[in-house]
Amino acid sequence: AETFQSQEESQQQQDPRQGFRDQHQKIRKVREGDVIALPAGVADWFYNDAQTPLVLVQIMDTSNPANQLDNNFRQQQIQGQRGQFSGQGFQRGESQSQSRRGGSGGQEQRSGNIFQGFDEQFLAEAFNVDTDLARRMKNENDNRGVIVRVEDRLQFLTPEFSEEERSEYQRGRPANGVEETFCSARLKQNINDPSRADVYNPRAGRITSVNSHNLPILRSLRLSAQKGHLYQNAIMAPHWNMNAHSICYFTRGTGRVQIVDENGRSVFDGEVREGQILTAPHNFAVVKRAGGEGLEWVAFKTNDQAKISQLAGRVSSMRAFPEEVIANSFQVSREEARRLKFNRDEVTLFSPGSRSQYRA
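Residues numbered from 1 in each chain as written. Predicted model: local features only at pLDDT ≥ 70, side-chain atom pairs only at ≥ 80, totals over all residues. Heavy atoms only, no water.

As recorded in an unreviewed UniProt entry, the protein chain goes by Cupin type-1 domain-containing protein and comes from Linum tenue. Of the protein chain, the UniProt comment under Subunit (unreviewed entry) reads exactly: "Hexamer; each subunit is composed of an acidic and a basic chain derived from a single precursor and linked by a disulfide bond." A UniProt comment under Sequence similarities (unreviewed entry) is attached to the protein chain, and it reads "Belongs to the 11S seed storage protein (globulins) family." (UniProt positions renumbered as here; feature names shortened; annotations may be inferred.)

Draft legend 1. The nonpolar core, seen in detail. Among the nonpolar cores identified, the biggest contains 20 residues, and Leu230, Phe250, Val257, Ile259, Leu295, Trp297 and Leu349 are the most heavily contacted of them. Where this core is concerned, the elements lending two or more residues are strand 9 (246-260), strand 11 (277-280) and strand 12 (285-301). Among the elements that take part in this core, strand 12 stands out by supplying 5 residues, more than any other. For Val257, the contacting residues outside a window of four places in its chain are Phe250, Phe268, Asp269, Gly270, Val272, Leu278, Val286, Val287 and Lys288. Core analysis: the second largest hydrophobic core is formed by 14 residues, Ala37, Leu218, Leu221 and Tyr249 among them. (Core = buried A, V, L, I, M, F, W, Y, C linked by side-chain atoms within 4.5 Å. Buried < 20%, exposed > 50% of the residue type's maximum accessible area, 1.4 Å probe, protein only. Helix = DSSP H or I, 4+ residues; strand = E, 2+ residues; numbered from the N terminus. Contact = heavy atoms within 4.5 Å.)

Draft legend 2. Fine view of empty space enclosed by the protein. Here the structure, examined in full by the defined rule, presents 2 cavities of 30 Å³ or more. Put simply, the largest cavity is a space of about 100 Å³. In terms of lining residues, the largest cavity is bounded by 15 residues, among which Ser246, Cys248, Ala280, Val286 and Lys288 are the most central. Elements that contribute at least two residues to the lining of the largest cavity include exactly strand 8 (235-241), strand 9, strand 11 and strand 12. Residue contributions to the lining of the largest cavity peak at 5 residues, all from strand 12. (1 Å grid on protein atoms, 1.4 Å probe; cavity = no way out; pocket = protein on both sides within 12 Å on 5 of 7 lines; lining within 4 Å. Points joined across faces, edges and corners; volume = space filled by probe spheres on them.)

Set out below in structure tokens:
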């Protein structure tokens, strides 16, 4: 149901030709670094009202219990036509996974919106409109795809901020707390703000996580996310995901990543750069090193309380083992075992070329 309406707004928004005003659901502002959690089946739209491009990175959990059919991703499109893969690349608004389902030989294929499968007479009766308008709902001759340009700025009903709410939003804090009703539930958390970092090393970078502790709706979605920022030549400690798969999208810079499976075999060892996606399955060990430009990424994890176990550094498994265990396991001297335990005293993010000096 509509949520934004008042007598004052009704007078301001009234259309003299129609004799009524628009009413609609809540509109939420988003900004760079926001993580937005949407339950399965929710209809959504995005509008870029800024002067810079808006980049959206989406992840869909096809194994979620809400997907009752199979593990294939299906998206109902209310407007427009989804272009498939062509010889010239991806069509407007199309994801790579969707595009790969296109026809062969570079021939373009299109799938229509949800209304195209209905008889126009049924649509006319259902919406109580004439058949010409029902026919136009099908977008059969609309070649714009799912991303369309607005000729003039969109005008829609929005509530006014109080001074307190405005200052809260400008500081990046949610104004409505953590209510459990859907319409007022908090759906987003910003992970781009350096002051919110969970791990910070002034010589190496920062890590910020969003999970069901700080965004409770993720508990029902069984997902979490991590924003990583490595400075020039810095390293993220070798680690493995204890309870989740990780899908990593690199947003800036370059670097090198190695992934090792549970049998100790290298399954990936290569350079990564902005725009690439890399998957690290559950229990596969991962290490990242930034290049000369630094390296930034956002990782989506298939557990609302995803955890990692580190192999090096102050909070690592090695630090927890007795020297004798390490010495005998690796057939090294006790002095060498001490170096393995204590030579890296940083947590999670390691500065380049700096090793803590072990004191006997």
